[in-house]
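Each chain, written out:
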Amino acid sequence: MLCYCRPGFEPELAAELSERAALLDLPGYARTQRNQAYVEFLGTDAVALSRALPYDDLIFARQKLLRLADLQGLDPSDRITPIINALHAAYPDGRPSAYGDVWVEHPDSDEAKPLAGLARSFGNALRPALRKAGWLTRIDDPRRPRLHVIFLAGDHAMLAQASPRDGSPWQLGIPRLRMHADAPSRSALKLEEALLTLVHEHEREKLFRDNMRAADLGAAPGGWTWVMMRQGLRVISIDNGPLRPELLDSGRVEHLRADGFQWQPKGPLDWMVCDMVEQPRRVAERMATWIREGWCRHTIFNLKLPMKKRWEETRLCLELFERQAEKPLTIRARQLYHDREEITVFATPQ
Ligand SMILES: C[S@@+](CC[C@H](N)C(=O)[O-])C[C@H]1O[C@@H](n2cnc3c(N)ncnc32)[C@H](O)[C@@H]1O
């Protein structure tokens, strides 16, 4: 398995994959280097491993792929022939059906980012060659497995494949979100990304209806409040700091200057979101209280991670949240592209 991650978070992803595989009795080990922005997990049974570790369950992985080949010493005058040869070697009897698409990428590391131009131009050359050789459908088909070529250097690329239902639908695993001119803060992008990646499309209609009610703990200056308001919700925004005045002008937002760890709603709300900068265990406990007491049904919250032992802290906080919520929940957590030293968690009743 080959997974992308935020540069600097390779130890967390490696620990996550190793621990989960060990718990499932699947032998394997993680291989990575600091700041290379990906982790390889080498096991004896790649298919079983991939099934046991679905992308949706992974927290520190931005993308999940199955590696087919590691192509070193590529000749810049013909990188296509070795790729086609490697495909034949990986599938000596031919692929059962052609790939639906090909993405040429590079890891999101400082070292590999300058390869973006090469990836783009090489993709334009590779696509028709793969079609001609029968490895790629004539028209892109997003339902079929996708081929990935990942450049690590001009003469070094990895070949991998992705299942469209078990990975990120964005190149490099990075959703392209633009900061809206009216958004009160850049944090708005975090919640927008969470709604896009943690809440599945078929769930959205049920989870966001006009005039549903939400609380936003640690709301100032109001990015998350603004995102919830744009989903049609009415929001109570809790923060001692000031909110952007236009949020209040909308008539859909009420601002209360209160402590987000003390305040509780007068009646049950549909949603609670929380972006308070606090110790993650304290946040996880408070979030669990909200669910257990029925103060909200659904929640999205951030856990700011300490500098050391981030994987252990993540696991501990999620276990604590699930245990103390005392209700069967669907919980999805991920380090989003817009998350820095933090992860975002979504929970909804099962
Ligand atoms: C990262 S900012 C939130 C940004 C916000 N989500 C946005 O999109 O604009 C964290 C906020 O949490 C607030 N905060 C921290 N501790 C708090 C507490 N105990 N009660 C209420 N707000 C708190 C801070 O005042 C700060 O405005």
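As the structure is a prediction and not an experimental result, all values here were calculated from the model.

What counts and what doesn't
Position numbers for residues start from 1 in each chain and track the written sequence from start to end. For a predicted model such as this one, the threshold for reporting local features is a pLDDT of at least 70, and the threshold for listing and counting side-chain atom pairs is 80 or more; totals across whole chains, interfaces and linings nevertheless cover every residue. Side-chain numbers come from the whole structure's heavy atoms, not from hydrogens or water. Think of a salt bridge as a Lys or Arg side-chain nitrogen and an Asp or Glu carboxyl oxygen that are within 4 Å of each other. Note on conventions: DSSP H or I runs of at least 4 residues are helices, E runs of at least 2 residues are strands, and numbering of each starts at the N terminus. In this scheme, a residue with accessible area under 20% of its type's maximum is buried, one over 50% is exposed, and one in between is partly exposed, where area comes from a 1.4 Å probe on protein chains only. UniProt positions are given in the numbering used here, feature names are shortened, and annotations may be inferred rather than shown by experiment. Pairs of residues are marked as contacts when any of their non-hydrogen atoms sit within 4.5 Å. Whenever two N or O atoms come within 3.5 Å, that pair is a polar contact, provided that in protein one can donate a hydrogen and the other can accept it, and provided that, for residues adjacent in sequence, both atoms are side-chain atoms. The cutoff for a nearby residue is simple: one of its non-hydrogen atoms must lie within 4 Å of the molecule or strand. Under the convention used here, a 1.4 Å probe and the Shrake-Rupley method define accessible areas, while residue burial counts only the protein chains that appear. Polarity classes work like this: nonpolar for Ala, Val, Leu, Ile, Met, Phe, Trp, Tyr, Cys and Pro, charged for Asp, Glu, Lys and Arg, and polar for all others, with Gly in that last group. By definition, two strands form a pair when at least two bridges between them are found by DSSP. Where helices are involved, their axes are fitted lines through C-alpha atoms of the stretch in contact, as for all axes, and angles between N-to-C directions lie from 0 to 180°. When an angle is under 35 degrees it counts as roughly parallel; over 145 it counts as roughly antiparallel; between 65 and 115 it counts as roughly perpendicular; any other value is oblique. Stacked, tilted and edge-to-face are the three classes applied to pairs of Phe, Tyr and Trp rings, where Trp contributes its six-membered ring and a pair requires centres within 6.5 Å; stacked means planes under 30 degrees apart, edge-to-face means over 60, and tilted covers the rest. Any two cysteine sulfur atoms within 2.5 Å of one another count as a disulfide.

1. A closer look at the pattern of salt bridges
Under the counting rule described, the total for this entry stands at 24 salt bridges. Its salt-bridge partner being Glu 16, residue Arg 20 comes within 3.4 Å of it at the nearest N-O pair. Taken as a pair, Arg 20 and Glu 16 lie in helix H1 (residues 10-23) at a separation of four residues, close to a single helical turn. Between Asp 110 and Lys 113 there is a salt bridge, and its shortest N-O distance comes to 4.0 Å. Overall, the relative accessible area of 68% leaves Asp 110 in the exposed class.

2. Regarding the UniProt feature "active site" (unreviewed entry) in the protein
Here, UniProt's "active site" (unreviewed entry) annotation points to Lys 304. Inspection of the secondary structure puts Lys 304 in strand E12 (residues 296-304). Under the relative-accessibility criterion, Lys 304 is labelled buried at 16%. Excluding residues within four positions of it along the chain, Lys 304 makes contact with Lys 190, Asp 275, Met 276, Val 277, Glu 278, Pro 280, Glu 341 and Glu 342. At 2.7 Å, the side chain of Lys 304 and the side chain of Asp 275 are in polar contact.

3. Describing the site of the ligand
Contacts to the ligand come from 16 residues, most closely from Ser 185, Asp 239, Asp 259, Gly 260 and Asp 275. Gly 222 places a main-chain nitrogen or oxygen 3.2 Å from an oxygen atom of the ligand. Summarising the interface, the protein chains cover 77% of the accessible area of the ligand, which totals 600 Å² for the free molecule. Taken together, the residues of the shell around the ligand sort by class into seven nonpolar, six polar and three charged.

4. Quick look at the sheet that holds strand E13 (residues 329-334)
Strand order in the open sheet formed by seven strands is E10-E9-E8-E11-E12-E14-E13, with mixed pairing between adjacent strands. Only two strands of the sheet have a single neighbouring strand rather than two, namely strand E10 (253-256) and E13. Strand after strand, the sheet turns through a mean of 15° between neighbouring axes, direction not considered. In terms of strand pairing, E13 meets strand E14 (residues 342-349) through six bridges, oriented antiparallel. Bridging across to E14, Arg 332 finds its partner in Phe 346. Strands in contact with helix H9 (residues 280-292) are strand E8 (213-217), strand E11 (269-274), E12 and E13; relative to E12, the strand with the most contacts, it is inclined by about 180°.

5. Topic: the packing of H1 against helix H10 (residues 310-325)
Closest axis-to-axis distance for the H1/H10 pair is 8 Å, and the angle between their directions is 55°. Put simply, H1 runs oblique to H10. For the pair formed by H1 and H10, the contact residues are Glu 12, Ala 15, Glu 16, Glu 19 and Arg 20 on the first element and Arg 310, Trp 311 and Arg 315 on the second. Taken together, the residues that form the contact of H1 with H10 break down as two nonpolar, no polar and six charged.

6. Some thoughts on the packing of aromatic side chains
Scanning the model with the defined rule gives nine aromatic pairs in all. Geometrically, the ring pair formed by Phe 208 and Trp 271 is stacked, given 4.9 Å between the ring centres and 15° between the ring planes. Highlighted residues: Phe 208 in the loop between helix H6 (201-207) and E8 and Trp 271 in strand E11, separated in sequence by 63 residues. Exposure class is identical for Phe 208 and Trp 271. Each is buried. Arranged with centres 6.2 Å apart and planes meeting at 25°, the rings of Trp 271 and Phe 346 form a pair that is stacked.

7. Observations concerning the pairing of strand E2 (residues 28-31)
Here four bridges tie E2 to strand E3 (residues 38-43), and the two strands are oriented antiparallel to one another. Along E3, the bridge assignment pairs Gly 28 with Gly 43. Connecting the antiparallel pair E2 and E3 is a turn made up of six residues, with Asn 35 showing a positive phi of about 70°.

8. Quick notes on the state of the cysteines
Applying the stated criterion across every chain, the model contains zero disulfides. With no disulfide of its own, Cys 296 lies 10 Å from the sulfur of Cys 274, the closest cysteine sulfur. For Cys 296, a relative accessible area of 4% translates into the label buried. The thiol sulfur of Cys 317 is not disulfide-bonded, and the nearest other cysteine sulfur, from Cys 274, lies at 12 Å. On the basis of relative accessibility, which here comes to 1%, the residue Cys 317 falls in the buried class.

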